[in-house]
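# Architecture at a glance
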Amino acid sequence: MKMNRRRFLTISAAFAASPAVAQTHSWQGWAFGAEVSLQFRGPRAQAKAALAKAQHLIVQTEALFSLYDPDSALVALNTTGQLRVPAPAFHDLMQAADHAHTMTNGLFDPTVQPLWAAQASGTAMDDALAHVGWSRVRFDTHHIQLGQGQALTFNGIAQGYATDRVTDMLEALGLSKTLVNIGEYRSVGGPWTIGLQDPHHGHLGHRTLTSGAVATSSPAATQVGKRSHIMHPNAMPRWSTVTVEAPTATLADSLSTALVLATRDQIEDIHKRAQTTRITLVDHDGNLTTL
C-alpha cells in the first residue's frame, strides 16, 4: 500500500497550519492499513525536515513488509519462497520475529499467513496447517528461505517496527519530545496520554507514556470469515484485549499479538522474562487486570 496524493496533502495541510515557532506539531496519514500520526515539538524549519523524512521512512518500511503491495519484498518472498540479500531492515525484523517466537514459546508465529489466506478464501484449513512452523524458516543477512508452501505475515509486528524506526529517526534529528503512532504508540519525552479501548466494552481507562511504547491487540477488532484475524494452529484467543507496555513498539506489538492466545500463567511468565513495563488484560466479560 503506497501513500497516495490525497494522503500526502492531508499530512502537508496539518503541518502547514503550524506557526514558525517552537511548538507541538502534528500530522496524520494512512499506512499499514491504519491511520498513522505524529506529534513532536520543535521550530517549524526542523519540523518540516522531520516530516519529510518521517513520511519517506514510513513509505519505505511499508514497501518492505506490506502484503497488499505486489512489489513489496514480503510479497516477493512469499511468491518465490526465498529472498536473496534482504534489506538490512528486513533482516532486523526477521530477528525481532524470531525473538518474539522464542519469548512466547511459539505463540508468535509469522508463518500463519496460509491459515489467514485459507480462512479469507473459504478453503479447507488442513493444507494450510501443514505449512505453519517458524522452525522451518532459515535466514541470515544474505538469504531468507521458507519451507515448501510457506508464507509469512508481519501484521503482528511490522507496525511496531515502523513506529520504532520513525521514533529513532526523529530522536537522531534532535527532537526530544515525540509521540509516534503507526498502529502502535511510542513516546519520547512525554507525558502523553493514551486511551485504552476494547471492541465490546469501549473505553476502559488510559495510560500515560513518558518514554516507551504501548501496543494493543483485540481479536474481535477484525474478523476473517467467522474467525479472529489473530490465528494459530494450536491456540485460540483467550482475551478480549491485551495491552503491552515495553521499551520498544516492536516488542510491545509482537507480544500483544501473541498474548491474546496465552493463559494467565503463561502471560505472567512471559512478563517476567520479557521485562515488559506493564500488561493489561481484558477478559470477555470486560474485567480488567493489570500485571
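Residues numbered from 1 in each chain as written. Predicted model: local features only at pLDDT ≥ 70, side-chain atom pairs only at ≥ 80, totals over all residues. Heavy atoms only, no water.

## Considering the environment of Asp 198
Considering the arrangement of structural elements, one finds Asp 198 in strand 8 (residues 192-198). When residues no more than four places from it in sequence are discounted, the contact partners of Asp 198 are Leu 204, Ser 240, Thr 241 and Val 282. Engagement of the side chain of Asp 198 in a polar contact is seen with the backbone nitrogen of His 200, the distance being 2.9 Å. (Helix = DSSP H or I, 4+ residues; strand = E, 2+ residues; numbered from the N terminus. Contact = heavy atoms within 4.5 Å. Polar contact = N/O pair within 3.5 Å; in protein donor to acceptor, adjacent residues only side chain to side chain.)

## Digging into the side chain of Thr 153
Along the chain, Thr 153 turns up in the loop between strand 5 (143-145) and helix 7 (158-172). What makes Thr 153 buried here is its relative accessible area of 12%. One polar contact links the side chain of Thr 153 to the main-chain amide nitrogen of Asn 155, over a distance of 3.2 Å. Residues contacting Thr 153, with those up to four places away along its chain left out, are Leu 67, Pro 110, Val 112 and Gln 113. (Buried < 20%, exposed > 50% of the residue type's maximum accessible area, 1.4 Å probe, protein only.)

## Examining the pattern of salt bridges
The final tally for this structure, using the stated rule, is 6 salt bridges. For Asp 168, the salt bridge is made with Arg 186, and the minimal N-O distance between the two is 3.1 Å. Taken as a pair, Asp 168 in helix 7 and Arg 186 in strand 7 (residues 185-188) lie far apart in primary sequence, 18 residues in all. On the basis of relative accessibility, which here comes to 40%, the residue Asp 168 falls in the partly exposed class. The class of Arg 186 is buried, set by a relative accessible area of 12%. Between Glu 268 and Arg 264 there is a salt bridge, with the nearest N and O atoms lying 2.8 Å from each other. Separated by 4 residues within a single helix, Glu 268 and Arg 264 lie in helix 9 (residues 264-274), roughly one turn from each other. Under the relative-accessibility criterion, Arg 264 is labelled partly exposed at 35%. One salt-bridge network, in which partners are shared between bridges, spans Asp 164, Asp 168 and Arg 186. (Salt bridge = Lys/Arg side-chain N within 4 Å of Asp/Glu carboxyl O.)

## Focus: the packing of helix 8 (residues 249-259) against helix 9
Running from N to C, helix 8 and helix 9 cross one another at 165°; their axes reach a closest spacing of 11 Å. Relative to helix 9, helix 8 is oriented roughly antiparallel. When the axes of helix 8 and helix 9 are compared, the crossing they make is right-handed. Counted together, Leu 251, Leu 255 and Leu 259 of helix 8 and Ile 267, Ile 270 and Ala 274 of helix 9 form the full contact between these two elements. Broken down by class, the residue content of the contact of helix 8 with helix 9 amounts to 6 nonpolar, no polar and no charged. (Axes fitted to C-alpha atoms, helices over the stretch in contact; angles between N-to-C directions. Parallel < 35°, antiparallel > 145°, perpendicular 65-115°, else oblique. Left-handed = near helix turned anticlockwise from the far one by under 90°. Nonpolar A, V, L, I, M, F, W, Y, C, P; charged D, E, K, R; others polar.)

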